[in-house]
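# Geometric and topological summary
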Amino acid sequence: ELKLRDLQDPEVECIDPSNDGRIRGQLKLTNYRLFFTAAEGEPHDIDIPIHSIQAIDKRYQSEKSYILEIKCKHFLTVQFTFDKNERKKDLYSTLMKTAFI
């Protein structure tokens, strides 16, 4: 798998609907998958095949952050929170291009 983007930023958080919490971790995007690796001591890792992504929605949470919601064809919905910066903006645009080519 060819790495397109590798975000290693502790500010990336996955919103966990099962316990209304947030899980810190890292995102990695390849040509085939989006991986969320939870920080040490956090509960889950998430592996999303790119071809299973049905929709991507970006909503601003505040002036400094936004939520990226990924809906999959197999009914999984995952939300990530980001601080606004150019590197993460690149991840969003690259993910959109990769998922919907």
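Treat the numbers as computed from the prediction; the structure is a model and nothing was measured. (Residues numbered from 1 in each chain as written. Predicted model: local features only at pLDDT ≥ 70, side-chain atom pairs only at ≥ 80, totals over all residues. Heavy atoms only, no water.)

### Points about the side chain of threonine 30
What counts is decided by this rule: To qualify as a helix, a DSSP run of H or I must reach at least 4 residues; to qualify as a strand, a run of E must reach at least 2; elements of each kind are numbered from the N terminus. Whenever a nitrogen or oxygen atom comes within 3.5 Å of another N or O atom, the pair is scored as a polar contact, on the condition that within protein one atom can donate a hydrogen and the other can accept it, and that pairs from neighbouring residues in sequence are kept only if both atoms are in side chains.
Considering the arrangement of structural elements, one finds threonine 30 in strand S2 (residues 21–30). Polar contacts involving the side chain of threonine 30 include one to the main-chain amide nitrogen of tyrosine 32, which spans 3.1 Å.

### Brief notes about unusual backbone geometry
For phenylalanine 75, which is not glycine, the phi dihedral falls at a positive 75°. Within the secondary structure, phenylalanine 75 is located in the loop between strand S6 (65–72) and strand S7 (77–83).

### Focus on the nonpolar core
Worth spelling out the cut-off: Joining through side-chain atoms within 4.5 Å is the link that ties buried Ala, Val, Leu, Ile, Met, Phe, Trp, Tyr and Cys residues into a set, and such a set is a nonpolar core. Only protein chains enter the area calculation, which uses a 1.4 Å probe; residues under 20% of their type maximum are buried, those over 50% are exposed, and those in between are partly exposed. Any two residues whose heavy atoms approach within 4.5 Å are treated as being in contact.
Leu34, Phe36, Phe80 and Leu95 are the most contacted members of the largest nonpolar core, which totals 24 residues. Every element with two or more residues in this core is listed here: strand S1 (3–16), S2, strand S3 (33–38), strand S4 (46–49), strand S5 (53–60), S6, S7 and helix H1 (86–99). Aside from chain neighbours lying at most four places away, what touches phenylalanine 36 is Val12, Cys14, Ile23, Arg24, Gly25, Gln26, Leu27, His44, Asp45, Ile46 and Phe80.

### Examining the pairing of S2
Basically, it comes down to this: At least two DSSP bridges between two strands are required for those strands to pair.
Two elements, S2 and S3, share 5 bridges in a ladder whose sense is antiparallel. Each residue of the ladder has a partner; that of glutamine 26, found in S3, is threonine 37. If you look at the hairpin formed by S2 and S3, you'll find 2 residues sitting between the two strands.

### Section: the packing of aromatic side chains
Here is the rule we go by: Ring geometry is summarised as follows: Phe, Tyr and Trp rings, the Trp one being its six-membered ring, pair when their centres sit within 6.5 Å, and such pairs are stacked at plane angles under 30 degrees, edge-to-face over 60 and tilted between the two. Here, over-ring charges are defined by two tests on the NZ atom of lysine or the CZ atom of arginine: distance to the ring centre within 6 Å, and angle to the ring normal within 35 degrees.
Inspection of the entire model under this criterion finds 3 aromatic pairs. Taking 6.1 Å as the distance between ring centres and 65° as the angle between the ring planes, the aromatic pair formed by tyrosine 60 and tyrosine 66 counts as edge-to-face. Judged by its relative accessible area of 3%, tyrosine 66 is buried. Between tyrosine 66 and phenylalanine 82, the aromatic rings sit 5.3 Å apart at their centres with planes inclined by 25°, giving stacked as the arrangement. Note that tyrosine 66 is positioned in strand S6 and phenylalanine 82 in strand S7, a separation of 16 residues in sequence. When sorted by exposure, tyrosine 66 lands in the same class as phenylalanine 82, which is buried. Among the aromatic residues, ring-to-ring pairing joins Tyr60, Tyr66 and Phe82 into one connected group. Over the ring of tyrosine 66 we find lysine 58; its NZ or CZ atom is 4.7 Å from the centre of that ring. Note that lysine 58 overlies the ring of tyrosine 92, its terminal NZ or CZ placed 4.6 Å from the centroid.

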